[in-house]
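Residue-level listing of the chains:
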Amino acid sequence: MTAWRGVAARNPREAAEWSRGRVIRTNLRAVFGRAYPRIIGLTREPSWVFFEIVLPFLAVSAFVFVYRALQAPEEFVGFVVIGGAMTAFWLNVVWMMAAQFYWEKDQGNLELYFTAPMHLMSVLAGMAIGGLVMTSSRALAVIVIGSVVYGVSYQVSDPLLLVAVFVLTMIPLYGLGMLFASLFLLWGREAFHLAQLLQEPIYFLGGVNFPIGPAFGQLAAIVMATLPLAVGLDAMRQLVFAGSETNGVLPVGAEMVILGVMGVVFIVGARIALGYLETLARREGRLTLRWQ
Amino acid sequence: MPDEPAIHARGVTRIYKAKPDPVTALAGVDLDVEPGEYFGLLGPNGAGKTTLIKILTTLLLPTSGTAKVAGFDVVHETSKIRRVINMVAGGEQSGYGLLTLREQLWMFSQFYGLEQREGWRRVDELIEITGLTEQRDQKVRTLSTGQRQKLNFARGLLNDPWVLFLDEPTLGLDVAAARDLREHTLEWKAAAPGRTVLLTTHYMVEAEQLCDRIAIVDRGRILALGTPDELRRRVQAESIFRIELDQLPHDGDLDAIAALPGVLSAVRADEDGDGAASDRVAIKVALADDSALTTVVTGVAQQGAHLIGLAKSEPSLEDVFVELVGRGFGDDDAPGNAKGAAE
Amino acid sequence: MAVIERTPRPAVPGFTFADAWRTFRTAIGLGWAVESNWSDPFLFAVYTLAKPLAAAMILVVMFQVITGGQGTEFLQFMIVGSALWNVVFGVMGGLVQSILEDRERYRMMKYVVVTPSSLFPFLLGRSLARVLISFIAVAVTMLVGVAFLGVELRPNLLVLVPALVLGIVAVIALGIFMAGWCLQLRQEAWSYPEAIAGALYLVSGAIFPVNVLPEFLRPVAWISPTTWWLEASRRGLLGHGSPGDIGQLTDATVLLYLALSTAVVVPLALALFAWFVRRARQAGLLDMTTGS
């Protein structure tokens, strides 16, 4: 068959020697390759319009009505709308990042990733970028619909700073997702239940439906040190409701520094965890044992 | 051609922690596969074939022993190995359902570092070769089992690997699909020197048809290794032929046939109830070598008998296995193997 | 041609109540084996407790932030509603997940369907473990509410017992309907229980009085059995009704509305379930895997 291509290198040792540039290019291509299914899913699976906009909107509505029943200041409705939009990102991190390698193992894709020459961080980065693109459209839809339906008005003090805070929030958020992806691979069967566990408790600690400063007082600082969702939400609320009487836990600048540090810690931590866990998984055979 | 083995294993052992007792999936495997060879691992379920392949493809670490693929150590040089190998497993349902067949292959081309345009070109080439042109824009979740496996196979060739690992690639495929896949592997291997294939299978016909050499594996050990002919000769050194004639030569005295050069024995076959029709007679001759057949045929013709039928009786590789182990492939699966762990 | 003597075909027994009971009992064992397949019982305990408690605490904190702790009647209203809603999520989620797991993950649905056993008792038994786990969540939330959050129980068994019995029957009927509906779906079926439970959460007066809802949604609340179940259960536990119009009705009226709505929902749900299963057979969906 003339169509079968011949090997270019004279021997496998030559074929296996890749330059640093080639390694980098391969990993960048892998990032794009893995992001592709998530981005293309926006057009291929239109059911997301219902589930990933209507569902969060319903959840937001429930808490809006609670605040209305409590006769809370109207800005609290805005807090809930913003918090509801951010839960879309958190759910994406938990289900489409943290638990993803577990699902991939179940489907048989994980083995194929491990035998390919790219680094798994590239796969995770691709999942993160694809997830971010996918979820941003949903979050925006929830904010727009929620704001229109419930008459939320915003006072954005610095739009550019708001974008910067948003980007800075996404980095540690998805970095945490990468870290969890390694841990979930280790914990196997519990992955599904762990993912479930990381919903309501995180909404509570992260102040998705209420400002954590007035809610937790001094304890808020502890929460801020660990949860990028809490820090990012607090900073974004301060910027989006600039005239609000409800203060943030820390100034926006300080919260941006915290987010930056978290981003580095989580991403570096993810890389280390992934390397360690790959070795452990290969030693114990967890990569290939289904139902483990 | 490289001067070191494509695959080299010495004392490779793999023990899984399992309850109540640990399971030894591999118990000291020694193996050398030369570049350009089509090598088969043949054995029943639970023999350790898949465990060995997973060690060689860097998915699993050996508990002890050393293994190298293309000269690189499987424990310490995994990234280099992954650049020159690929793997195709049978019975898989892997793949992203919402992607089209073409997109699925392209995505993997990116994982192997192919440049965009080159990636698409390679994908389209492989789609054509594997006969998936009509399905190229179909979503992966709509493909049949055979089509998925062809897709899987195409993915396995994306990076033009030096060593291709096939783990029961025809599992669950119908006769035509399995035959197509086997032919593709042979054509691919023949197209360039140095391409090596390691196949695991429990289908004897597949191993005999494809492999230059076969290792028979059971309970984590290699029991025998050689070409298919060499393995069969372990069970039956002589060649046995069933010859159907219109009449018995030498007035039924078969000793005259047995006395011919190269003939070890000659007996009536139809007296054993081998179902010969009444207008013909059948004899079974055992020959030291196939070349003695000419002497026998000439001899019986000189006695006025006409040759009606001729068939060679050979032991199968399962006969070899039974000879080595004392049980057949389907008998008494290896005890204590955790499901999915040892294989 | 030789005549083949045929032995008379043995009488085919009908499917009796004893058969249904045997199926139900066996399915309970299966459901429990699936649910108890945790590698870490501690994590299971945490998961069982943390999720419902966090959901309740979100409401408690929202209440505290706005009212400073004044007006505990509304707080008790929210805690009881949040506790009881675990049953709705548990039942709906349990029934739907059982059917989808058996079809998609374990791929055993087709083998169950071809037995003489009916799918209905199998499904009920299969999901019972998950339902019972949701009752644990209710009990724990109520316990914490009474011990730490100021919930004052004044049980009225004459109201509470019929409320619980009728309410759980109604919720199970809704879950059966959902399970049958999800059997028809080719995609996203896993998300439907959450979507429907979320919609009911909004209109059933679970965490805010029904009269806070916009006018056009109130009729939906009035016809839903979950609304009357929550109201009756609150009266049975707390000794008083909810704020708003529904709270003005007598206990007998509330129980009557619960009985009527349950009497409508149960036969409708059973009939629809049977129709869904027949339709799934026609469309070849009983052994379909969606890859989701």
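Residues numbered from 1 in each chain as written. Chains lettered and ligands numbered in written order. Predicted model: local features only at pLDDT ≥ 70, side-chain atom pairs only at ≥ 80, totals over all residues. Heavy atoms only, no water.

**Focus on a nonpolar patch on the surface**
All names here are of chain A.
1) Next: A surface patch of nonpolar side chains, about 450 Å² in accessible area, is lined by Leu140, Val144, Ile145, Val148 and Val149.
2) Next: Within the secondary structure layout, Ile145 lies in helix α7 (residues 120-150).
3) Next: Judged by its relative accessible area of 34%, Ile145 falls in the partly exposed class. (Patch = residues over 30% accessible without salt bridge, like charges linked within 9 Å, V, L, I, M, F, W, Y side chains within 5 Å. Areas by Shrake-Rupley, 256 points an atom, 1.4 Å probe, with all protein chains shown as cover. Salt bridge = Lys/Arg side-chain N within 4 Å of Asp/Glu carboxyl O. Helix = DSSP H or I, 4+ residues; strand = E, 2+ residues; numbered from the N terminus. Buried < 20%, exposed > 50% of the residue type's maximum accessible area, 1.4 Å probe, protein only.)

**Concerning the sheet that holds strand β4 (residues 64-69) of chain B**
Residue and element names in this part refer to chain B.
1) Next: Strands sit in the order β2-β1-β4-β5 across an open sheet of four strands; the sheet is antiparallel. With one partner strand each, in any of the chains shown, β2 (23-33) and β5 (72-73) form the two edges of the open sheet.
2) Next: Of the pairings in the sheet, the one linking strand β1 (residues 7-16) to β4 comprises five bridges and is antiparallel in character. By the bridge assignment, Ile7 is partnered in β4 with Val69. (Pairing = 2+ DSSP bridges.)

**Observations concerning the confidence of the model for chain C**
Residue and element names in this part refer to chain C.
1) Next: Mean pLDDT over chain C works out to 86, with 92% of the residues at or above the 70 mark.
2) Next: The spread of mean pLDDT over the elements of chain C runs between helix α4 (residues 109-113), the lowest at 79, and helix α9 (residues 225-238), the highest at 95.
3) Next: The ipTM for the predicted assembly is 0.86, set against a pTM of 0.82. (pLDDT = per-residue confidence, 0-100.)

**Notes on the interface of chain B and chain A**
1) Next: Contacts between chain B and chain A engage 63 residues on the former and 50 residues on the latter.
2) Next: For the pair chain B and chain A, the summed buried surface comes to about 5100 Å²; carbon and sulfur atoms form 59% of the total.
3) Next: Viewed at the interface, chain A and chain B are joined by four salt bridges.
4) Next: Residue Glu17 of chain A is joined to Lys80 of chain B by a salt bridge in which the shortest nitrogen-to-oxygen separation is 3.4 Å.
5) Next: One can count 13 residue pairs in polar contact (both at pLDDT 80 or more) joining chain B with chain A.
6) Next: Of all the elements, helix α4 (residues 116-129) of chain B adds the most residues to the side of chain B that touches chain A, at seven residues.
7) Next: Looking at the side of chain B that touches chain A residue by residue, the classes come out as 30 nonpolar, 13 polar and 20 charged. (Contact = heavy atoms within 4.5 Å. Buried area = accessible area lost by both parts, 1.4 Å probe. Polar contact = N/O pair within 3.5 Å; in protein donor to acceptor, adjacent residues only side chain to side chain. Nonpolar A, V, L, I, M, F, W, Y, C, P; charged D, E, K, R; others polar.)

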